[in-house]
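# Structure at a glance
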Amino acid sequence: MSAGDYEEILKYYELHETIGTGGFAKVKLARHLLTAEKVAIKIMDKAALGDDLPRVKIEIDAMKNLSHQHICRLYQVIETSKKIFMVLEYCPGGELFDYIISKDRLSEEEARVFFRQIVSAIAYVHGKGYAHRDLKPENLLIDKEHNLKLIDFGLCAKPKGGLDYHLNTCCGSPAYAAPELIQGKAYIGSEADIWSMGVLLYALLCGFLPFDDANVMVTYKKIMLGHIDEDCVTELSVFHKQSRESILELISEWKYDHMSATYFLLQSKKARGKHVCLRVPC
Ligand SMILES: COc1cc(O)cc(Nc2ccc(C(=O)Nc3ccccc3)c(OCCC[NH3+])c2)c1
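Cut-off values and rules
Within each chain, residue numbers correspond to sequence positions counted from 1 in written order. It should be noted that, the model being predicted, local features are given only for residues of pLDDT at least 70 and side-chain atom pairs only at 80 or more, the latter also being counted only at that level, while totals for whole chains, interfaces and linings use all residues. Water and hydrogen atoms play no part in the side-chain values, which are based on all heavy atoms of the structure. Only protein chains enter the accessibility calculation, which uses a 1.4 Å probe. A residue is then buried if its area is under 20% of the maximum for its type, exposed if over 50%, and partly exposed in between. Labels follow the DSSP assignment, with helices taken as runs of H or I lasting at least four residues and strands as runs of E lasting at least two, numbered in each case from the N terminus. Between two residues, a contact is recorded if the distance between any of their heavy atoms is within 4.5 Å. For the purposes of these results, a polar contact is taken to be a pair of N or O atoms within 3.5 Å, where, inside protein, one atom must be able to donate a hydrogen and its partner to accept one; residues adjacent in sequence count only when each atom of the pair is a side-chain atom. Any Phe, Tyr or Trp ring, taking Trp's six-membered ring, that has another such ring centre within 6.5 Å forms a pair; planes under 30 degrees apart are called stacked, those over 60 apart edge-to-face, and the others tilted. For two strands to be treated as a pair, DSSP must find no fewer than two bridges joining them. A fitted line through C-alpha atoms represents every axis, and for helices the fit uses only the stretch in contact; the resulting angles, taken between N-to-C directions, go from 0 to 180 degrees. Nine residue types can take part in a nonpolar core, namely buried Ala, Val, Leu, Ile, Met, Phe, Trp, Tyr and Cys, and a core is a set of them joined through side-chain atoms within 4.5 Å.

Cys232, Val233, Glu235, Leu236 and Ser237 are the residues of helix 9 (residues 230-240) that are buried. Residues of helix 9 that are buried sit in contact with helix 10 (244-252) and helix 11 (258-271). The distance from a side-chain oxygen at the start of helix 9 to the backbone nitrogen of Asp231 is 2.9 Å, and the residue carrying that oxygen is Asp229. Looking one or two residues past helix 9, Lys241 carries a phi angle of roughly 50 degrees, positive in sign.

Structure (structure tokens):
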């Protein structure tokens, strides 16, 4: 750390330990000299940022337009020849991700309180014409009052044509990505955020992800299959003497043919607690 780069920031803050390191940034705890208030300072090296520099500018411009009780506040930006410093709200509770892990899963009561805060923040972000596009528990911090603060708008988008304008950049984390996004289709940013919120709610309540695998392509396949019922697929596979894969292919085409009807009616039988079986004596 060459002292010159830190000359400006040290006029206003005393820097303390590093509490987070990401791709091209690190986050240090700090204290504002005039008020003695604690802050977090995200420090980025412009050379290391390379092509990602525009993302930082997008995030900073977005943060200047966003002020909400469940969005981490940006207080100050300092740019030197080599560094960019973002002075941010202090969130000592750490990441929601770690909190869920520490509690295995949250009670419905606590999940409801947190989810309402996420919905409030995202409704506000969408209302301002932005889409976050990287919603996940790692990007939700807990503040000293045990409330959530949304962070990291580095992937956010503010389509010029308004939020119903289609986006194309595939971004965010696979497990939270909407089907249209992983298919590379043009998508609506706010709709992709809503999908991610559904995955988030599942993670809050269950303590694990609905669509997840070490292999990202398998994760994508699970997302695309969504709520295909395995028992129904198995019964159709046995009845038709066809492989599960071929039955899955047929069902996933949603042709509303006899295969579709049989699948839906099997699901309905299962939902009413009846055996998942076809006409042979059940
Ligand atoms: C808009 O808010 C943003 C944008 C962004 O790009 C990054 C961050 N990152 C932050 C902000 C605050 C903290 C923080 O206060 N952490 C903390 C403080 C005391 C104890 C423990 C954690 C932050 O922490 C990063 C490490 C968390 N794993 C990141 C906010």
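The general pattern is negative phi for most residues beyond glycine and trans for most peptide bonds. Of note in the backbone geometry, Arg133 takes a positive phi value of approximately 70 degrees without being a glycine. The topology assignment puts Arg133 in the loop between helix 5 (108-127) and strand 7 (140-142). Even without being a glycine, Trp254 presents a positive backbone phi close to 45 degrees. When you line up the elements, Trp254 lands in the loop between helix 10 and helix 11.

For the structure on display, the rule yields nine aromatic pairs. With a centroid separation of 5.9 Å and 20 degrees between ring planes, the pair formed by Trp195 and Phe211 is classed as stacked. Here Trp195, found in helix 7 (residues 189-206), pairs with Phe211, found in the loop between helix 7 and helix 8 (216-225); they are 16 residues apart in sequence, far enough to count as distant. Residue classification places Trp195 among the partly exposed residues on the basis of a relative accessible area of 26%. For Phe211, a relative accessible area of 6% translates into the label buried. An angle of 10 degrees between the planes, with centres 5.6 Å apart, marks the rings of Trp254 and Phe264 as stacked. Separated by 10 residues along the polypeptide, Trp254 in the loop between helix 10 and helix 11 and Phe264 in helix 11 bring together distant segments of the chain. Under the relative-accessibility criterion, Phe264 is labelled partly exposed at 32%.

Let's shift gears to the environment of Pro210. Here Pro210 lies in the loop between helix 7 and helix 8. Put simply, Pro210 and Val233 are 23 residues apart on the chain and 19 Å apart in space, counted from C-alpha to C-alpha. Beyond its immediate stretch of four places on either side in the chain, Pro210 contacts Val199 and Tyr202.

Looking now at the sheet that holds strand 3 (residues 38-45). Strand order in the open sheet formed by five strands is 1-2-3-5-4, and the pairing between neighbours is antiparallel. The open sheet has two edge strands with one neighbour each: strand 1 (13-21) and strand 4 (74-79). The sheet shows a mean angle of 25 degrees between the axes of neighbouring strands, direction not considered. Sitting on the sheet, helix 3 (residues 53-65) touches strand 3, strand 4 and strand 5 (83-88), and the angle it makes with strand 5 is about 30 degrees.

One finds Ile71, Leu96, Ile118, Leu150, Phe153 and Leu204 to be the most contacted residues of the largest nonpolar core, which totals 39 residues. Among the secondary structure elements, those contributing two or more residues to this core are helix 3, strand 5, helix 4 (96-103), helix 5, strand 7, strand 8 (148-150) and helix 7. With seven residues, the single largest contributor to this core is helix 5.

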